[in-house]
Amino acid sequence: QVRLVESGGRLVQTGGSLRLSCAASGRTVSSVTMGWFRQAPGKDREIVAAIRRRGLTYYVDSVKGRFTISGDNAKNTVDLQMNSLKPEDTAVYYCAARDRLYPLASPDYDYWGQGTQVTVSS
């Protein structure tokens, strides 16, 4: 069992930056695939970024060049650095984890956090 707790969501202005953090327990982040998802009101949940061992990463096209996913083995956290934020980035952001070695872009995850709200004002 893996427990995930997100933090860092808040209100930020367009063009601003925000760093989300996901604290994991029950498994080391380096031993599983970790992902960040988001769900905006009225929209389906979408994968934003993912990372797994050896630092392999994936980003959805809409965030490439603006968001960076990284893992901290000492803290057992996975962070999502978000720069140049846009109003369309407004959503609840979820952290997720899985053991299986699916392609990084796969949205199939086993464990989920409770989410943290990110609001980007125009």
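Student: An account of the state of the cysteines is needed here, citing residue identities and associated values.
Tutor: Following the criterion strictly, the structure yields 1 disulfide and no others. In this model cysteine 22 forms its disulfide with cysteine 95; the gap between the sulfur atoms is 2.0 Å. Residues cysteine 22 and cysteine 95 share a disulfide whose torsion about the S-S bond is about -75°; that sign makes it left-handed. Separated by 73 residues along the polypeptide, cysteine 22 in strand β3 (residues 18-25) and cysteine 95 in strand β9 (residues 91-98) bring together distant segments of the chain.

Student: Help me get a handle on the pairing of strand β7 (residues 67-72), residues and values and all.
Tutor: Two elements, β7 and strand β8 (residues 77-82), share 6 bridges in a ladder whose sense is antiparallel. The residue bridging phenylalanine 67 from the neighbouring strand is methionine 82, located in β8. Following β7, the chain reverses through 4 residues before pairing antiparallel with β8; asparagine 76 in that reversal takes a positive phi of roughly 55°.

Student: Go over the pattern of salt bridges with me, naming the residues and quoting the values.
Tutor: A complete count under the given rule lists 7 salt bridges for this structure. The salt bridge involving arginine 19 is made with aspartate 79; its shortest N-O contact spans 3.1 Å. Taken together, the residues arginine 19 in strand β3 and aspartate 79 in strand β8 connect sequence positions 60 residues apart. We note a salt bridge from aspartate 89 to arginine 38, for which the minimum N-O separation is 2.9 Å. Linking aspartate 89 in the loop between β8 and β9 with arginine 38 in strand β4 (residues 33-39), this pair joins segments that are 51 residues apart in sequence. Look at the salt bridges and you will find they share partners, linking Arg38, Glu46, Arg66 and Asp89 into a network.

Student: Now, about the environment of aspartate 44: what can you tell me, with residues and values included?
Tutor: Among the structural elements, aspartate 44 can be located in the loop between β4 and β5 (46-52). Excluding residues that lie within four positions of it along the chain, aspartate 44 makes contacts with Arg38 and Gln39.

What counts as what
- Residues numbered from 1 in each chain as written.
- Predicted model: local features only at pLDDT ≥ 70, side-chain atom pairs only at ≥ 80, totals over all residues.
- Heavy atoms only, no water.
- Disulfide = S-S within 2.5 Å.
- Helix = DSSP H or I, 4+ residues; strand = E, 2+ residues; numbered from the N terminus.
- Pairing = 2+ DSSP bridges.
- Salt bridge = Lys/Arg side-chain N within 4 Å of Asp/Glu carboxyl O.
- Contact = heavy atoms within 4.5 Å.

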